[in-house]
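# Commentary on secondary and tertiary structure
Residues per chain, in single letters:
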Amino acid sequence: MSGTEGVTFWVAQVSTGGLQGWIQNNIVPLILLGIAIILLWIGGRGDNAGVARRSVGLIVGLVALGIAVSGTGPAVGSFLASLITDAR
């Protein structure tokens, strides 16, 4: 096997699954921990309404992240469309 064939073979084996798993297992929890610390800091100042507003936004963002990561976007879209339309 020549040098370029070896490189081509190696590149063909590389996928983004490992990177995606690493981001899900390491980066996402760090971001959530940072957000939790910020919310606790804001709550400690007595701005409970601000914490509530940010928490609702956080929940919406987590739902969107969960849908994107799990790949269930089409199923969720079909379900939401069935709530509005008559699916007989």
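Residues numbered from 1 in each chain as written. Predicted model: local features only at pLDDT ≥ 70, side-chain atom pairs only at ≥ 80, totals over all residues. Heavy atoms only, no water.

## A look at the overall build of the protein chain
Stated formally: Counting from the N terminus, the helices are DSSP H or I runs at least four residues long and the strands are E runs at least two residues long. The classification of residues rests on relative accessible area computed with a 1.4 Å probe and restricted to protein chains. Under 20% of the type maximum is buried, over 50% is exposed, and intermediate values are partly exposed. The Shrake-Rupley method, run with a 1.4 Å probe sphere, supplies the accessible areas, and residue values consider only the shown protein chains as cover.
For the protein chain, the helix and strand inventory stands at 4 helices and 0 strands. The N-to-C order of helical and strand elements in the protein chain reads α-α-α-α. Per-residue burial for the protein chain yields a buried fraction of 6% across its 88 residues. Surface accessibility of the protein chain: about 7000 Å² in total, with carbon and sulfur atoms responsible for 71%.

## Some thoughts on helix 3 (residues 48-70)
So the rule is basically this: Here the expected span of a helix is defined as 1.5 Å times the quantity of residues minus one.
If you check helix 3, its first and last C-alpha atoms are 32 Å apart, about what 23 residues at 1.5 Å a residue would give, namely 33 Å. Within two residues after helix 3, Gly71 carries a phi angle of roughly 80°, on the positive side.

## With respect to the environment of Gly50
Here Gly50 shows up in helix 3. Distance from Gly50 to Leu39, taken between C-alpha atoms, is 8.6 Å for residues 11 residues apart in sequence.

## Quick notes on the confidence of the model for the protein chain
Definition in use: A score from 0 to 100, pLDDT tells how confident the predictor is in each residue.
With 78% of its residues at a pLDDT of at least 70, the protein chain reaches an overall mean of 77. When mean pLDDT is compared element by element in the protein chain, helix 4 (residues 73-84) scores highest at 87, while helix 1 (residues 3-13) scores lowest at 55.

## Comments concerning a nonpolar patch on the surface
Defined as follows: Candidate patch residues must exceed 30% relative accessible area and have no salt bridge, after which like charges are joined if within 9 Å and Val, Leu, Ile, Met, Phe, Trp or Tyr side chains if within 5 Å. A carboxyl oxygen of Asp or Glu within 4 Å of a side-chain nitrogen of Lys or Arg is what we treat as a salt bridge.
There is a patch of nonpolar side chains on the surface, built from Leu19, Trp22, Ile23, Ile27, Leu30, Ile31, Leu33 and Ile37 and spanning about 770 Å² of accessible area. You can see Ile31 is positioned in helix 2 (residues 17-44).

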